[in-house]
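Coordinates in review
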Protein chains: 2
Amino acid sequence: MNFSSKLIEQSVEAFASLPGIGRKTALRLTLHLVGKSPEVTEQFTEAISKMRRSIQHCTICHNLSDEPICNVCADKRRDRSLICVVESIRDVMAIEDTSQYRGLYHVLGGLINPLEGIGPSELTIDSLLHRIAVSDSEAKEVILAISPTIEGDTTMFYITKKLKGSPVKVSSIARGVSFGGELEYADEVTLGRSIVARVPYKLSNE
Amino acid sequence: MNFSSKLIEQSVEAFASLPGIGRKTALRLTLHLVGKSPEVTEQFTEAISKMRRSIQHCTICHNLSDEPICNVCADKRRDRSLICVVESIRDVMAIEDTSQYRGLYHVLGGLINPLEGIGPSELTIDSLLHRIAVSDSEAKEVILAISPTIEGDTTMFYITKKLKGSPVKVSSIARGVSFGGELEYADEVTLGRSIVARVPYKLSNE
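Keep in mind the model is a prediction, meaning the values are calculated, not measured. (Residues numbered from 1 in each chain as written. Chains lettered and ligands numbered in written order. Predicted model: local features only at pLDDT ≥ 70, side-chain atom pairs only at ≥ 80, totals over all residues. Heavy atoms only, no water.)

1. Quick look at the sheet that holds strand β3 (residues 79-86) of chain B
All names here are of chain B. Ordered in space as β4-β3-β5-β6, the four strands form an open sheet in which the pairing is parallel. Either end of the sheet is taken by a strand with one partner, and the two such strands are β4 (103-107) and β6 (169-172). Across the sheet, the mean angle from the axis of one strand to that of its neighbour is 25 degrees, orientation sign disregarded. For strand β5 (residues 141-144) and β6, the ladder comprises four bridges, and the chain directions are parallel. Across the sheet, Leu144 pairs through a bridge with Ser172, a residue of β6. The strands touched by helix α6 (residues 125-133) are β3, β4 and β5; relative to β4, the strand with the most contacts, the crossing angle is about 145 degrees. (Pairing = 2+ DSSP bridges. Helix = DSSP H or I, 4+ residues; strand = E, 2+ residues; numbered from the N terminus. Axes fitted to C-alpha atoms, helices over the stretch in contact; angles between N-to-C directions. Contact = heavy atoms within 4.5 Å.)

Structural data, given as structure tokens:
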């Protein structure tokens, strides 16, 4: 691409440095901002710049937060006996979107992956163990909501082993064929495992 | 989407206000910036913010430019007898990328579109006529490089009519089946018109 303006080129480079945005899209975004009033660009860059300057990690659960303690941890109405352990803030948002869970979270910030040099000490596992071990801890159950990949399984195994002997119960979210999913379209592993891990059928009025 | 952080939400809204970026992508971009050092975000927002603050339109050809007169208009080596009239800065970039044109440009900033209330006075047509009419004008030919849509045809018709009686020649870029294009895949209008507008065949060594 041949830019008549250095400023445009730098703006295109900036947008194109983001994941999933190519130079053609970056140019489109740049020209979009040029076509609007300067205030629009100012609001845009200020929102992002302010976010990055002020965002912090909750000192309890490591979720992204505006304050040292996040909304969820600060909310007195949440069930403090449950801690749902997830890989990233995206998972917290996905679970919050279901409105089915009223406990607390713990964001690991990744999964154990020796090939990429990510060991337990790179994650927030120690902070989780400490959180459960302190004398005023109200935690009764740790729910592992982690993907069953090699890294996920390793991480779940490690956490479970570390929690052995502790009074908290360790559980994992249910896995199986999705609700509304057609059996013939379910992948083999999911279908196979959901037969092995079958549960007693209950009538809804029982 | 359920945000635990107002700052994240505002950043997502900012990204999602751009064309073609949905809220899921906006969240991905936001979390990408959170995962990098604060300097990365600062460089990103500063490049865009600086671009919007300082960008101007060339006072001669209305192309986007860092200075009051753009690179192309300021370049003494360019052929000042040719003015290529285009709709937008994107077209300038596309033509510059071909390296086949060494004349000047004139960016209209749109096309005549009465349905959307865009008349000749909303475009830079008067500026083009003035540019050609001034006593020290070197312009000998105006090349219309405008899409043959209803709006494009109207705009070309209007400019041509306005230039009647002026000593400059008016031409339009060649249209036909693209080089390397298979005839069977060319659209009917292009193929039909390229037969009607056939040109004498020349051997390359003639």
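2. Regarding the domain arrangement of chain A
Interfaces are often sized by the amount of accessible area the parts lose when they come together. Each domain of chain A was delimited in the assignment, giving domain 1 (6-54) and domain 2 (74-200). Inter-centroid distance (C-alpha atoms) of domain 1 of chain A to domain 2 of chain A is 37 Å. (Domains from an automatic or database assignment.)

3. Looking at the pattern of salt bridges
Under the criterion given, the structure shown has 14 salt bridges over all chains. Between Arg53 of chain A and Glu46 of chain A there is a salt bridge; the shortest N-O distance is 3.5 Å. When its relative accessible area of 55% is taken as the criterion, Arg53 of chain A is described as exposed. Close ionic contact of Glu13 of chain B with Arg23 of chain B constitutes a salt bridge, the shortest N to O distance being 2.9 Å. One end of the pair, Glu13 of chain B, is in helix α1 (residues 6-16); the other, Arg23 of chain B, is in helix α2 (residues 23-35), and ten residues separate them in sequence. (Salt bridge = Lys/Arg side-chain N within 4 Å of Asp/Glu carboxyl O. Buried < 20%, exposed > 50% of the residue type's maximum accessible area, 1.4 Å probe, protein only.)

4. Some thoughts on the environment of Ile159 of chain A
Residue and element names in this part refer to chain A. With respect to the helices, strands and loops of the structure, Ile159 is situated in helix α7 (residues 150-162). Linking Ile159 and Val170, residues eleven residues apart in sequence, is a C-alpha distance of 9.2 Å. For Ile159, the residues in contact, after removing those within four places along its chain, are Val85, Leu108, Ile125, Leu128 and Leu144.

5. What about the nonpolar core?
Counting 44 residues, the largest nonpolar core has Ile8, Phe15 and Phe44 of chain A together with Ile8, Phe15 and Phe44 of chain B as its most contacted members. Elements represented by at least two residues in this core include exactly α1 (6-16), α2 (23-35), α3 (38-54) and α5 (89-98) of chain A together with α1, α2, α3 (38-54) and α5 (89-98) of chain B. Setting aside residues up to four positions removed in sequence, Phe44 of chain B forms contacts with Ala14, Phe15, Leu18 and Ile48 of chain A together with Phe15 and Leu33 of chain B. (Core = buried A, V, L, I, M, F, W, Y, C linked by side-chain atoms within 4.5 Å.)

6. Considering the packing of aromatic side chains
Within this structure, the stated rule accounts for six aromatic pairs over all chains. Seen in terms of ring centroids, Phe15 of chain A and Phe44 of chain B are 5.6 Å apart; in terms of plane orientation they differ by 85 degrees. Their pairing is edge-to-face. On the criterion of chain membership, the pair formed by Phe15 of chain A in helix α1 and Phe44 of chain B in helix α3 is interchain, its members lying in two chains. Here a set of aromatic residues connected by ring pairs shows up, and it is made of Phe15 and Phe44 of chain A together with Phe15 and Phe44 of chain B. (Phe/Tyr/Trp six-rings, centres within 6.5 Å; stacked < 30°, edge-to-face > 60°.)

7. A look at α2 of chain B
Between its first and last C-alpha atoms α2 of chain B spans 18 Å; for 13 residues at 1.5 Å apiece the expected length is 18 Å, and the two agree. Restricting attention to buried positions, one finds in α2 of chain B the residues Ala26, Leu27, Leu29, Thr30, Leu31, Leu33 and Val34 of chain B. Its buried side turned inward, α2 of chain B meets α3, β2 (64-65) and α5 of chain A together with α1 and α3 of chain B. (Expected span 1.5 Å × (residues − 1).)

8. Observations regarding the relation of the copies chain A and chain B
At an RMSD of 0.1 Å, chain A and chain B line up after a rotation of 180 degrees and a shift of 0.0 Å along the axis. Seen this way, the second copy is the image of the first under a two-fold rotation axis. Within chain A, Thr45 of chain A has its C-alpha nearest the rotation axis, a separation of 2.5 Å. Both copies contact each other with a shared surface, as 100% of the interface residues of chain A are interface residues in chain B too. (Least-squares fit on C-alpha atoms with pLDDT ≥ 70 in both.)

9. Points about unusual backbone geometry
A positive phi angle, near 60 degrees, is found at Ser99 of chain A, a position not held by glycine. By secondary structure assignment, the location of Ser99 of chain A is in the loop between α5 and β4 (103-107).

10. A short note on the environment of Ile8 of chain A
If you trace the backbone, Ile8 of chain A turns up in helix α1. Ile8 of chain A sits 27 residues away from Gly35 of chain A along the chain, and the two C-alpha atoms are 13 Å apart.

11. Some thoughts on the interface of chain A and chain B
Counting from both sides, the interface comprises 48 residues of chain A and, opposite them, 48 residues of chain B. Taking both sides of the interface into account, the surface hidden between chain A and chain B amounts to around 4,700 Å²; carbon and sulfur atoms contribute 71%. Sorting the residues of chain A by area buried against chain B places Ser4, Leu7 and Arg52 of chain A first, and these three jointly supply 15% of that buried surface. Across the chain A-chain B interface, the total number found is zero salt bridges. Within the residue set of the side of chain A that touches chain B, elements represented by two or more residues are α1, α2, α3, β2 and α5 of chain A. Broken down by element, the side of chain A that touches chain B gets its largest block of residues, eleven residues, from α3 of chain A. Taken together, the residues of the side of chain A that touches chain B sort by class into 23 nonpolar, 16 polar and nine charged. (Buried area = accessible area lost by both parts, 1.4 Å probe. Nonpolar A, V, L, I, M, F, W, Y, C, P; charged D, E, K, R; others polar.)

12. Some remarks on the packing of α2 of chain A against α3 of chain B
The interhelical angle for the contact between α2 of chain A and α3 of chain B, taken along N-to-C directions, is 45 degrees, at an axis separation of 10 Å. The orientation of α2 of chain A with respect to α3 of chain B, classified from their angle, is oblique. Two packed elements cross with a definite hand, and for α2 of chain A against α3 of chain B that hand is right-handed. Contacts from Thr30, Leu33 and Val34 of chain A in α2 of chain A reach Ile48, Met51 and Arg52 of chain B in α3 of chain B. Tallied by class, the residues present in the contact of α2 of chain A with α3 of chain B amount to four nonpolar, one polar and one charged. (Parallel < 35°, antiparallel > 145°, perpendicular 65-115°, else oblique. Left-handed = near helix turned anticlockwise from the far one by under 90°.)

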